[in-house]
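Architecture at a glance
Chain residues, written in single-letter form:
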Amino acid sequence: MKKQKYLHGFDRVEQERLLFQADFLEPYVYAGIELATVKRLLEVGCGVGAQTQILLRRFPKLKVDGVDFSAAQLKVAKELLEEPIAQKRVRLFQQNVEELSLADKGHYEAAFLCWFLEHVPNPLNALKKVKQHLKSGAEIYCTEVFNQTLFVEPYSPAYMNYWFQFNDYQWSIKGHPFVGADLGNLLKAAGFVDIKLEVRPFHFDSRNPRQRSEFIDYFFDILLSAEKTLLTQGRVTEAEIKKMKKEVEIVKKTKDSVFFYAYIRATAKAP
């Protein structure tokens, strides 16, 4: 299997971050997702199984086939999902989504992709492969980043420069940190129908200080997840990181600080 680069790495710290991220964003990610009548779900980019365990808990009749290209992530998923695997509610497969070929092609009643297409070199090919595995009328749920939208007040130039380097490096390794904005085009080109998109903002200020503080910390952890990589690549310096961290502390302490970020939810159906 051809090795793919991954911005955040595969160490245990990153795997724990993914588990925390899934729990932290659950109230937002799962708003509008309805799988109560679905029996067989294809989860693409299942990683460590963080979303899988939420899907199983929310929809007790669901059976999930999870696919990921990383053996390291799937090893964690097998440990995390040991019980539902034994109960035959979960099967895990190591495959590259752009070469996806499962025995049950054409039999899945829905597909779930979350924070995944940003890491795929050719998201259009990925969506075409997913569509081939779905029944006619099956729904696909895509929840994806739109990293252009991040903003914090007070204005924090070192923070924003780090964020630029974060995204530019991801682009250089054939990721797509703005893929959410392109989901409509991609789903249409892949042959899906009944395509719907929502822009979902996180906008927190002095009216909701608790959530503002939580999201500032959450996004700071995302930035730090790429710290070693960006240093190694020469995209940031230790001094720039130190300045960025100081700016984050200022934002956290400022009474009227603002945090804004928007992600994209797309749904569509297989024809």
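Residues numbered from 1 in each chain as written. Predicted model: local features only at pLDDT ≥ 70, side-chain atom pairs only at ≥ 80, totals over all residues. Heavy atoms only, no water.

**What about helix α8 (residues 209–224)?**
- Over its 16 residues, α8 runs 22 Å from end to end, which matches the ideal 22 Å to within 8%, given 1.5 Å per residue.
- Of the positions making up α8, those classed as buried are Arg212, Phe215, Ile216, Tyr218, Phe219, Phe220, Ile222 and Leu223.
- Of the surrounding secondary structure, the elements contacted by the buried residues of α8 are α1 (12–29), α6 (157–172), β7 (193–204), α9 (227–232), α10 (238–253) and β8 (258–269). (Helix = DSSP H or I, 4+ residues; strand = E, 2+ residues; numbered from the N terminus. Expected span 1.5 Å × (residues − 1). Buried < 20%, exposed > 50% of the residue type's maximum accessible area, 1.4 Å probe, protein only. Contact = heavy atoms within 4.5 Å.)

**Focus on the pattern of salt bridges**
- Applying the stated rule across the entire model yields 16 salt bridges.
- For Glu26, the salt bridge is made with Arg58, and the minimal N-O distance between the two is 2.9 Å. Remark: Arg58 occurs in helix α2 (residues 50–58) and Glu26 occurs in helix α1; sequence separation between them is 32 residues.
- Measuring nitrogen to oxygen at the nearest pair gives 3.8 Å for the salt bridge that ties Glu227 to Lys245. (Salt bridge = Lys/Arg side-chain N within 4 Å of Asp/Glu carboxyl O.)

**Focus: α6**
- Here α6 contains 16 residues, and its C-alpha end-to-end distance of 22 Å stays within 8% of the 22 Å for a straight helix at 1.5 Å per residue.
- Listed as buried for α6 are Ala158, Tyr159, Tyr162, Trp163, Gln165, Phe166, Asn167, Tyr169 and Gln170.
- Residues of α6 that are buried in the fold lie against β6 (151–153), α8, α9, α10 and β8.
- Looking at the residues trailing α6, positive phi occurs at Lys174, about 70°.

**Quick notes on the environment of Leu186**
- Position of Leu186 relative to the elements: it lies in helix α7 (residues 183–189).
- Relative accessible area serves as the criterion here: at 8%, Leu186 is assigned to the buried category.
- Expressed as a C-alpha distance, the spacing of Leu186 and Phe69, which sit 117 residues apart in the sequence, is 21 Å.
- Sequence-distant contacts of Leu186, defined by excluding residues within four places in its chain, comprise Pro123, Leu124, Leu127 and Val179.

**Brief notes about the packing of α1 against helix α3 (residues 71–80)**
- With their axes 11 Å apart at the nearest point, α1 and α3 run at an angle of 55° to one another. Considered as vectors, α1 and α3 are oriented oblique to each other. Viewed along their axes, α1 and α3 form a crossing whose handedness is right-handed. On α3, the residues that touch Arg12, Gln15, Leu18 and Leu19 of α1 are Ala72, Gln73, Val76 and Leu80.
- Taken together, the residues of the contact of α1 with α3 sort by class into 5 nonpolar, 2 polar and 1 charged. (Axes fitted to C-alpha atoms, helices over the stretch in contact; angles between N-to-C directions. Parallel < 35°, antiparallel > 145°, perpendicular 65-115°, else oblique. Left-handed = near helix turned anticlockwise from the far one by under 90°. Nonpolar A, V, L, I, M, F, W, Y, C, P; charged D, E, K, R; others polar.)

**Points about the nonpolar core**
- Counting 89 residues, the largest nonpolar core has Leu35, Leu127, Ile140 and Phe259 as its most contacted members.
- In terms of residues, this core owes the most to one element, α8, which gives 7 residues.
- The residues touching Leu127, leaving out its near neighbours within four places in the chain, are Leu113, Leu117, Ile140, Cys142, Leu186, Leu187, Ala190 and Phe192. (Core = buried A, V, L, I, M, F, W, Y, C linked by side-chain atoms within 4.5 Å.)

**Regarding empty space enclosed by the protein**
- The full count for this structure, using the stated rule, is 2 cavities of 30 Å³ or more.
- There is about 70 Å³ of room inside the second largest cavity.
- Residue lining of the second largest cavity: 12 residues in total, with Phe69, Gln95, Asn96, Val97 and Phe116 positioned closest to the centre.
- For the lining of the second largest cavity, the residue count by class is 6 nonpolar, 5 polar and 1 charged. (1 Å grid on protein atoms, 1.4 Å probe; cavity = no way out; pocket = protein on both sides within 12 Å on 5 of 7 lines; lining within 4 Å. Points joined across faces, edges and corners; volume = space filled by probe spheres on them.)

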